[in-house]
Protein chains: 4
Amino acid sequence: MIVILKPGVNHDMRQPLIDWLKGQKLGVHISEGDYQTVLGLIGDTAHVDMDLIASLGIVDSVKRVTDPFKCCNRKFHPEDTVVSVGEAKFGGGNFAMIAGPCSVESEEQIVTVAKAVKAAGAQLLRGGAFKPRTSPYDFQGLKAEGIELLKIARAETGLPIVTEIMSIEHLSLFEDVDVIQVGARNMQNFDLLRHLGQLRKPILLKRGLANTLKEFLMSAEYIMAGGNEQVILCERGIRTFEDYTRNTLDLAAVPMLHQLTHLPVIVDPSHATGRANLVLPMALASAACGADGLIIEVHNDPMHALCDGAQSLRPEEYAALAEKVRAVREVSAL
Amino acid sequence: MIVILKPGVNHDMRQPLIDWLKGQKLGVHISEGDYQTVLGLIGDTAHVDMDLIASLGIVDSVKRVTDPFKCCNRKFHPEDTVVSVGEAKFGGGNFAMIAGPCSVESEEQIVTVAKAVKAAGAQLLRGGAFKPRTSPYDFQGLKAEGIELLKIARAETGLPIVTEIMSIEHLSLFEDVDVIQVGARNMQNFDLLRHLGQLRKPILLKRGLANTLKEFLMSAEYIMAGGNEQVILCERGIRTFEDYTRNTLDLAAVPMLHQLTHLPVIVDPSHATGRANLVLPMALASAACGADGLIIEVHNDPMHALCDGAQSLRPEEYAALAEKVRAVREVSAL
Amino acid sequence: MIVILKPGVNHDMRQPLIDWLKGQKLGVHISEGDYQTVLGLIGDTAHVDMDLIASLGIVDSVKRVTDPFKCCNRKFHPEDTVVSVGEAKFGGGNFAMIAGPCSVESEEQIVTVAKAVKAAGAQLLRGGAFKPRTSPYDFQGLKAEGIELLKIARAETGLPIVTEIMSIEHLSLFEDVDVIQVGARNMQNFDLLRHLGQLRKPILLKRGLANTLKEFLMSAEYIMAGGNEQVILCERGIRTFEDYTRNTLDLAAVPMLHQLTHLPVIVDPSHATGRANLVLPMALASAACGADGLIIEVHNDPMHALCDGAQSLRPEEYAALAEKVRAVREVSAL
Amino acid sequence: MIVILKPGVNHDMRQPLIDWLKGQKLGVHISEGDYQTVLGLIGDTAHVDMDLIASLGIVDSVKRVTDPFKCCNRKFHPEDTVVSVGEAKFGGGNFAMIAGPCSVESEEQIVTVAKAVKAAGAQLLRGGAFKPRTSPYDFQGLKAEGIELLKIARAETGLPIVTEIMSIEHLSLFEDVDVIQVGARNMQNFDLLRHLGQLRKPILLKRGLANTLKEFLMSAEYIMAGGNEQVILCERGIRTFEDYTRNTLDLAAVPMLHQLTHLPVIVDPSHATGRANLVLPMALASAACGADGLIIEVHNDPMHALCDGAQSLRPEEYAALAEKVRAVREVSAL
């Protein structure tokens, strides 16, 4: 960690800070420039409160030299982590596709869609049972019943199931779920992350709407620090001023994360764009820049069938997408 | 709700949508323009899935005419809500000041600061027991012990206490807390909000880093829909591209919220700016634009005392601030 | 245009607005709902000041039903525009690659790079002569001399040249430039755009850092309204809170723009990411989602050659990229 | 300037960079940590290309220790700059109010409004002659004629006039204008700034929609580097995800800028919020946090008079605002 002092801070003014740092068992290397003095802290700075030091009147700024994330850091674990779910594998050159409806609505619906997406090439089934909704008056999902219906669809198709958890108190309901999803709004629900770190099953962690990649990795770190190393990261768009698309898909996050971490990174083009006709191009783009998988909304709903062009894809559109994605992956392997 | 169809959508193409809407017990008023047709939906549209309709291929866009928030909407409740905590009151022309350290560290620390902020004019004591930290390796607070120390400080000073909850599973520890704070990262932890709606005590709800005012009000709505009407809203800065300040304090949110809702609105200039020397000007600005209170970090820490200028204010700085805030409020009452 | 009145606005309150609208030769269709009244404006609303109406006390909100852009709107011009520069073509299924150094530095440098990028497959040469720099103390480019050196490189290689204009007063220097680039900071320099609309040569218009797609298209409209229809749009990243990459490449803008406009859309992955090792994956992603071309920084600089990994690509890296881009385009044609 | 090398970069790998830096006449101080090496550059680093160094493969990051702005930097010029226009003064404890209509429409209009705002306490008259409009089809202002009408209003009232310039080619028309305004969209129109630096009259520089405070100051630096020291900075809202208000007024920028620069800082609450009923509270907040002036839209338009509540204030509303602003300034002087 490097502490840059303000111009004009002399020996006497800085000594209390240096003494305090030494009291925290850090070596302090002093480098005096023409204008400003720089302190280099030597030792284990992971526990040093960077904000506290930055807030001091004599300090211009503080810069962390070492990354605050350890378990998920590629520097300390150069090989890709491969997360396996049944026969599907994410990472290390493997690619897997998750598909299914936004919400589980009925046994007939989820089984029908499950069969359709399996036929189209999906390896995992997604479906919302607990739905985080902005409004308390909107449909909140079938909850426990929704999870049971997902299990029925799994029994009928063999597809492992992925569904979102919203609260620690529902954890027992997720015992037989194959991949537990943490939604964007819960990316910094640290207590939830800590509990998931105690499990030994894959966690699909979605990036928060306004979170940096560093914060994203720190949330993965919460899970991994508990010993659960099976974390799949998912880029799903960030909030910006642009309003044609629901969010702004930050696709450069995929190769950037691959440099920073060994964890697999997948993309959710459905939620990121909110527009069905953007899902195909952004799925291809995701594959081209090295994503380790895709999670895509597919429906089988008469209302949509009638009107064409809803946000979710129809099974036949998804099948066409899956084929093109495979072709792009073949030629673009980085 | 108004549904604007795309140009060229004819009678046959739109009929399935109109039938579906009527099936949801809505009246549909059709207005044909030169280029486009507009459907006006009449009846209770609160449960209509706006995103679903917007996603249809024949729909250009959808606009909600009525607000999705009810309980907190000023239209249906024109008088200000006044939230009382001991002798302090927020809203309806009342102003209250909350102060205290970022974290509870020890009995000596919290009692000393409590006495100091009381002397300086604060009416409530804040202090973090459960601390949401980006990193799992950072200090996470004294937890249950921290709450006990806050109670001791309350016993010594008479100041009601405000502290943050991070998870439903800790709810029992907060039984004797006067005001429960929901932090920015949990603003859309809907299960937590729902549980707090079952309580009958004041909730201090902080705006999320990337949340619109509408989403902020919908989160208040989650609490109020459960019957708990004592919600205090807190603007604490949003995430933008600017990096001189930690966040961007969106102060226009104060008068804007006052138009939209009858709930009291306070401001946290300490977290919004992250710089002690900006706390005074932004506290005065908050008072000038009609805020119903302030929550400010005050410390009493030898490390900071030595170095001057930390992010938190010293008690004497806080006392000077409190006096100026009173003067500004007197002349600017809107 | 649709004007939604506030609840409780009665006949007398709305009449002055209706009269004013009729005075502007618009038909007004009144639709009274249970809660609110909606006015549908019929006729040519392109000149109606939407902000003015929205600001009225009796108005809840205003929504434009028709797009404000005409010349660049795909609705009125369904076929792709193809912009040709020498043998290179952008749009309509054609793809062209622009490459070269950030700044023109010397004859030797620009000729060497031009030969290298031509050999690697680039069809146009880029190089900055006038450089917009945040600081007045930074290198501002070789200016007129830089343009002369670009012409020499063109003579040596046959590659058409692309370079940025910063001010109307330099327009005469650009007479013999093949494609004039408008940088992100000048996207809303409306006087400059208007002058470029008088020309009959291709304009490469970069999206502003904080501009929506609608604003981007309106700036293209400024050029096209003058009669110059040869506009190439360029997505180059927008400003967000994320700071690992220099900007956030909004790649979904490519297929979104293709829906909204018939103009070709290219991508600049070099400026968007600011990191050489992200240029290849984002170039492939651009090709996969349907971009009509790429503009990429390539250098040939001993300082960089020594240290490896600078922001620009080396010619051999660019050649490898060009080959992969071709392969991705072949399999992903949408 | 501090250059932090990546972990594992050894002596041989870093030597070319060090040689190159020394070739630029910089001293290089090498500080080797346990994990990483830090280079401290000594000498005049103002011309060193920070981005270039940051882009090198062996470099982790670069941090500028000294500010890149000189002329406007408070460190080198501790006393407030006072900009005088007629009897009005901005800065150094002085406060001045600018008011007037968005656009100059006619002689009658501008003279009537000028008299009204003068009576209400305004010291300068604003009015748009050249209007930057997103759409080429919107009203672009009366241009040269508008400036002539402003001069007539000045002759009638004695109020100095403030109006916006959009292009260098119009410069001669602004010879007799008292304060030349640079709009948000032109904040980084560097050629325009450079020309204004050659003048010796006050420039009102508005912050760009997506520009940081550092970029804002660098644009002021462009003007001052030419010798024109009369720059008034204006905060007018930045672009964020929030959409209730037109932009997000970043009011903490006022005290932050006062720390960084000696230039006066004013606020435009009309454009920042886009809502007339937010202008008063945000004007008071601006005064409370130390702004040196306000620029506010005031109209006198029958259409608005009929409908009440338009974005601009009516003269009597403005008069009430001016009185309250004075009261807040008196008690809040920091």
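Residues numbered from 1 in each chain as written. Chains lettered and ligands numbered in written order. Predicted model: local features only at pLDDT ≥ 70, side-chain atom pairs only at ≥ 80, totals over all residues. Heavy atoms only, no water.

> Which residues make up the relation of the copies chain D and chain C, and what are the values?
Rotating chain D by 180° about the axis while translating it 0.0 Å along that axis superimposes it on chain C, leaving an RMSD of 0.0 Å. Interpreted geometrically, this transformation is the action of a two-fold axis. Considering only C-alpha atoms, the residue of chain D closest to the rotation axis is D:Ala210, which sits at 2.8 Å. A share of 100% of interface residues in chain D that are also interface residues in chain C marks the association as one of identical surfaces. (Least-squares fit on C-alpha atoms with pLDDT ≥ 70 in both. Contact = heavy atoms within 4.5 Å.)

> An account of the sheet that holds strand β3 (residues 37–42) of chain D is requested, with residue identities and associated values reported.
Residues and elements named next belong to chain D. Taken together, four strands build an open sheet; the order of strands is β2-β3-β1-β4 and the sheet is antiparallel. Since the sheet does not close on itself, it has two edges, and those belong to β2 (27–32) and β4 (59–63), each with one partner. With strand direction ignored, the average angle separating the axes of adjacent strands in the sheet is 20°. Examined bridge by bridge, strand β1 (residues 2–5) and β4 share four bridges and lie antiparallel to one another. Across the sheet, residue Ile2 finds its bridge partner in β4, namely Lys63. Against the sheet, helix α1 (residues 11–23) engages β1, β2, β3 and β4, with an angle of about 150° to β2. (Pairing = 2+ DSSP bridges. Helix = DSSP H or I, 4+ residues; strand = E, 2+ residues; numbered from the N terminus. Axes fitted to C-alpha atoms, helices over the stretch in contact; angles between N-to-C directions.)

> I'd like a description of the interface of chain B and chain A, backed by residues and values.
Residue-level contacts link 52 residues of chain B with 52 residues of chain A. Of the roughly 4500 Å² buried between chain B and chain A on both sides combined, carbon and sulfur atoms contribute 56%. The interface formed by chain B and chain A holds two salt bridges in total. B:Glu215 is the partner of A:Arg239 in a salt bridge, and the nearest nitrogen-oxygen pair spans 2.6 Å. Here chain B and chain A share 16 residue pairs in polar contact (both at pLDDT 80 or more) between them. The element contributing the most residues to the side of chain B that touches chain A is helix α6 (residues 213–225) of chain B, with five residues. Taken together, the residues that form the side of chain B that touches chain A break down as 23 nonpolar, 17 polar and 12 charged. (Buried area = accessible area lost by both parts, 1.4 Å probe. Salt bridge = Lys/Arg side-chain N within 4 Å of Asp/Glu carboxyl O. Polar contact = N/O pair within 3.5 Å; in protein donor to acceptor, adjacent residues only side chain to side chain. Nonpolar A, V, L, I, M, F, W, Y, C, P; charged D, E, K, R; others polar.)

> Lay out the interface of chain D and chain C with the relevant residues and their values.
Contact residues are listed per partner, giving 52 residues for chain D and 52 residues for chain C. Between chain D and chain C the total buried area reaches about 4500 Å² when both faces are included, carbon and sulfur atoms providing 56% of it. Counting across the chain D and chain C interface gives two salt bridges. In this assembly, chain D and chain C are joined by 16 residue pairs in polar contact (both at pLDDT 80 or more). Within the residue set of the side of chain D that touches chain C, elements represented by two or more residues are α1, α5 (190–197), α6 (213–225) and α10 (302–307) of chain D. Per-element accounting of the side of chain D that touches chain C gives the leading share, five residues, to α6(D). When its residues are assigned to classes, the side of chain D that touches chain C shows 23 nonpolar, 17 polar and 12 charged.

> So what about the nonpolar core? Which residues, and what values?
Within the largest apolar cluster, 320 residues are counted, with the highest numbers of intra-cluster contacts made by A:Leu251, B:Leu251, C:Leu251 and D:Leu251. Aside from chain neighbours lying at most four places away, what touches D:Leu251 is B:Leu249, B:Leu251, B:Met282, B:Ala285, D:Val267, D:Met282, D:Ala285, D:Ser286 and D:Cys289. (Core = buried A, V, L, I, M, F, W, Y, C linked by side-chain atoms within 4.5 Å. Buried < 20%, exposed > 50% of the residue type's maximum accessible area, 1.4 Å probe, protein only.)

> Tell me about the sheet that holds strand β1 (residues 2–5) of chain B, residues and numbers included.
All names here are of chain B. Across the sheet, four strands lie side by side as β2-β3-β1-β4; this open sheet has antiparallel pairing. The strands lining the two open edges of the sheet, one partner per strand, are β2 (27–32) and β4 (59–63). Adjacent strand axes in the sheet meet at a mean angle of 20°, parallel and antiparallel pairs treated alike. Here six bridges tie β2 to strand β3 (residues 37–42), and the two strands are oriented antiparallel to one another. The residue bridging Val28 from the neighbouring strand is Leu41, located in β3. Its contacts with the sheet put helix α1 (residues 11–23) on β1, β2, β3 and β4, and the angle it makes with β2 is roughly 150°.

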